[in-house]
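# Structural overview for review
What follows is each chain in one-letter form.
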Amino acid sequence: MDLLNDQGYTSTRSYGNSYLRYAPAQDDKQMTPEDVRTVCQLPIKEVRWEKLSATSEVGITNLVDVNSIQHTGDNLSVHMGYDMADIVWEPPYDAPLVLKIEHYIYNCKTHQGKAVAAMNFDSEGRVTDSLITADIVRRQSSFEITSQMMKRFREFCDLPSGKKFTAEGHFVPAANKRASTVMGPSMPDLSNNNPQWLKKYPLTAAIEHQAQSLIKPWALPRFKQVRYTEVSALAKVAVQLDAQPDGYVRKLEDYGIWTVQRLTLANLLQLKYTMSISSGASLLNKLQTDLRFPLVTGQRYQAQWESIDADKKVTASTLRCEVTNEGDANTLSPVFGGKYLLVECSATNEGQVSSSDKLAWIQELNIFVPIAMQVGDKPETPVKLENVSVIR
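We now turn to the structure provided with this report. Predicted model, so just to flag it, every value in this text is computed and none were measured. (Residues numbered from 1 in each chain as written. Predicted model: local features only at pLDDT ≥ 70, side-chain atom pairs only at ≥ 80, totals over all residues. Heavy atoms only, no water.)

### As for the overall build of the chain
Rule in force here: Secondary structure counts use DSSP, requiring at least four H or I residues in a row for a helix and at least two E residues in a row for a strand, with both numbered from the N terminus. For this measure, only C-alpha atoms enter the radius of gyration; the expected value for a globule follows 2.2 Å times N^0.38, where N is the number of residues. Buried means the residue's accessible area, taken with a 1.4 Å probe over protein chains only, is under 20% of the maximum for its type, while exposed means over 50%, and partly exposed covers the values in between. The Shrake-Rupley method, run with a 1.4 Å probe sphere, supplies the accessible areas, and residue values consider only the shown protein chains as cover. Residues counted as positive are Lys and Arg, residues counted as negative are Asp and Glu, and His and the chain ends are not counted. The atom standing in for a charge is NZ when the residue is Lys, CZ when it is Arg, CG when it is Asp and CD when it is Glu.
Helix and strand content of the chain: 5 helices and 23 strands. Since a compact globule built from 392 residues should have a radius of gyration of about 21 Å, the 28 Å found for the chain marks it as more spread out than a globular shape. Overall, the chain is about 90 × 50 × 40 Å in size when its C-alpha atoms are taken along their principal axes. Among the 392 residues that make up the chain, the fraction classed as buried is 44%. Put simply, the chain shows about 21900 Å² of open surface, and 52% of that area lies on carbon and sulfur atoms. Across the chain, the centroid of the 42 positively charged side chains sits 3 Å from that of the 45 negatively charged ones.

This is how it looks when you write it as structure tokens:
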């Protein structure tokens, strides 16, 4: 689904509930069996590809659908195709494709033409990306009619009525194409909290040493995985926490339309950050803190840090916390045992509204979980943990 602005340009793309990122096709409950039958009965000619050239070194074969060639008056309508030897992924949505089709209108008298639509197809014949209306008008420079194409169009214009165009022979696309090792996805696969993407972005040796000295030995996670759903008036977010061998906690937040992954220190200080709709990552670049473990009631600590993103933009943040109370962890969830320490924090992030949080330090697991949050001067919102599970 494309959401168009007042000029007719696509401002937002969604694939089902996936925002700004391709997602595999799903059944549309609004399309009835009768709708499907109506579409399937449309008088559309079967595609027949004719090869216009040998396959290039990068695996692209230029094609024309000979059954699409229509010559009405001075106007020619034709579908040009480009077969990919491998499955490739095209930005900005990481949409997979094995075939591009471009629909051209060409005037055989004036020898002027333009592309009026462009579509990408996957191995199942589904449209994964497209350009139409004002979008393709804006992108006309991407569909230049070259001298070689103009020569072909003139051949189509001169084609006798009833005769099929032939060139280098009939083309049948290969089945079971492999994924390209050159043009792969540009955005991370964060499914099941996959660690591979953030591994590509190492912390500096100084930050690594500082972070390790904070968590060892008193804040090493005492679990393999923790899952819960944060439920508040602001959002409902599914969370997965995985303990790494180095003692860091990898956090996946599922917001439905996108996911966020963070590498954290005890689910408190963020070391790395990326989103499922981002091609880069943000890294902790500078840290100053007096945080020490184990935590005790009455303890106060602060942290100041800078993070740098893929565009080299630096963002400053501060955190001030106080350990104020103690409680039974099973009051937060029957899955938790032992005691928790209540930690009240206020945070500022450059360019954002200040916030306050109440966190529980679960001593049995060595992990922070949220209890309440407040954004700016809005009322405090309690956070309830649902669907809690722990793998120890």
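### A look at the sheet that holds strand S2 (residues 10-15)
Selection criterion: Two strands qualify as a pair provided DSSP detects at least 2 bridges between them.
Strands sit in the order S1-S2-S3 across an open sheet of 3 strands; the sheet is antiparallel. In this open sheet, the two edge strands, each paired with only one partner strand, are strand S1 (2-4) and strand S3 (18-19).

### Here's the deal with the layout of surface pockets
Inclusion rule: Within this scheme a cavity is a closed region of a 1 Å grid, computed over the protein atoms alone, that accommodates a 1.4 Å probe without allowing it to escape, whereas a pocket is open but has protein on both sides within 12 Å along at least five of seven lines; lining residues each have an atom within 4 Å of a point. Grid points are joined across faces, edges and corners, and a volume is the space filled by probe spheres set on the points. Each residue is assigned to one class: nonpolar for Ala, Val, Leu, Ile, Met, Phe, Trp, Tyr, Cys and Pro, charged for Asp, Glu, Lys and Arg, and polar for all the others, Gly among them.
Looking at the second largest pocket, its volume works out to about 830 Å³. Contributing to the lining of the second largest pocket are 23 residues, with Met1, Tyr15, Gly16, Ala25 and Gln26 lying nearest its centre. Among the secondary structure elements, those contributing two or more residues to the lining of the second largest pocket are S2 and strand S10 (127-131). Residues belonging to the lining of the second largest pocket are distributed by class as follows: 9 nonpolar, 6 polar and 8 charged.

### A closer look at the state of the cysteines
Under the convention used in this document: Two cysteine sulfurs form a disulfide in these notes if their separation is within 2.5 Å.
In total, this model carries 2 disulfides according to the counting rule given. Between the sulfur of cysteine 108 and that of cysteine 157 lies a disulfide, 1.9 Å long from S to S. One disulfide, between cysteine 108 and cysteine 157, carries an S-S torsion of -80° and so falls in the left-handed class. Remark: cysteine 157 occurs in helix H3 (residues 147-157) and cysteine 108 occurs in the loop between strand S8 (95-107) and strand S9 (112-121); sequence separation between them is 49 residues. For the pair cysteine 108 and cysteine 157, a shared accessibility class is recorded, and that class is buried. What pairs with cysteine 321 in a disulfide is cysteine 345, and their sulfur atoms sit 2.1 Å apart. On the S-S bond that ties cysteine 321 to cysteine 345, the torsion sits near 115°, and the link is right-handed.

### Considerations on the nonpolar core
Just so we agree on the cut-off: The criterion is simple. A nonpolar core is a set of buried Ala, Val, Leu, Ile, Met, Phe, Trp, Tyr and Cys residues joined through side-chain atoms within 4.5 Å. What makes two residues a contact is simply this: any of their non-hydrogen atoms within 4.5 Å.
By size, the foremost hydrophobic cluster in this structure holds 33 residues, and its most contacted members are Leu295, Tyr301, Leu319, Val343 and Phe368. If you list the elements that add at least two residues to this core, you get helix H5 (205-215), strand S14 (259-265), strand S15 (269-275), strand S16 (282-289), strand S17 (300-308), strand S18 (314-328), strand S19 (339-349) and strand S20 (355-362). Filtering out sequence-adjacent residues up to four positions away, tyrosine 301 remains in contact with Leu268, Asp290, Leu291, Leu295, Leu319, Arg320, Cys321, Val323, Val343, Cys345 and Phe368. In this structure, Val78, Tyr106, Ala115 and Cys157 belong to the second largest nonpolar core, which totals 25 residues.

### Notes on the side chain of serine 276
Examined against the element boundaries, serine 276 turns out to sit in the loop between S15 and S16. Serine 276 gets classed as buried once you look at its relative accessible area, which sits at 7%. In this structure, serine 276 is in contact with Arg21, Met187, Pro188, Leu190, Trp258 and Thr259, ignoring residues within four places of it in sequence.

### Examining a nonpolar patch on the surface
Put simply, the rule is: Only residues whose relative accessible area exceeds 30% and that form no salt bridge enter a patch; like-charged residues are grouped when within 9 Å of one another, and nonpolar side chains (Val, Leu, Ile, Met, Phe, Trp, Tyr) when within 5 Å. What counts as a salt bridge is simple: a side-chain nitrogen of Lys or Arg found within 4 Å of a carboxyl oxygen of Asp or Glu.
Nonpolar side chains collect at one region of the surface, where Val39, Leu42 and Ile44 lie side by side and expose about 300 Å² of accessible area between them. Of note, isoleucine 44 is situated in the loop between helix H1 (33-40) and strand S4 (49-51).

### Considering the packing of aromatic side chains
Using the following cut-off: Pairing of aromatic side chains requires ring centres within 6.5 Å, counting the rings of Phe and Tyr and the six-membered ring of Trp. Pairs whose planes differ by under 30 degrees are stacked, by over 60 edge-to-face, and all others tilted.
Counted under the stated rule, the structure contains 10 aromatic pairs. On the basis of an interplanar angle of 70° and a centroid distance of 5.0 Å, the ring pair of tyrosine 15 and tyrosine 22 is categorised as edge-to-face. Tyrosine 22 gets classed as buried once you look at its relative accessible area, which sits at 16%. With 5.1 Å between their ring centres and 50° between their planes, tyrosine 106 and phenylalanine 153 make a pair best called tilted. Placement of the pair is tyrosine 106 in strand S8 and phenylalanine 153 in helix H3, with a sequence separation of 47 residues. A relative accessible area of 1% means that tyrosine 106 is categorised as buried.

### Points about the pattern of salt bridges
Under the defined criterion, the tally for this structure stands at 16 salt bridges. Here arginine 300 and glutamate 322 are joined by a salt bridge, their closest N and O atoms 3.6 Å apart. Of this pair, arginine 300 sits in strand S17 while glutamate 322 sits in strand S18, placing them 22 residues apart in sequence. According to the relative accessible area criterion, arginine 300 is exposed, its value standing at 62%. By relative accessible area, which is 29% here, glutamate 322 ends up partly exposed. One connected set of salt bridges, linked through shared partners, spans Asp2, Arg13 and Asp129.

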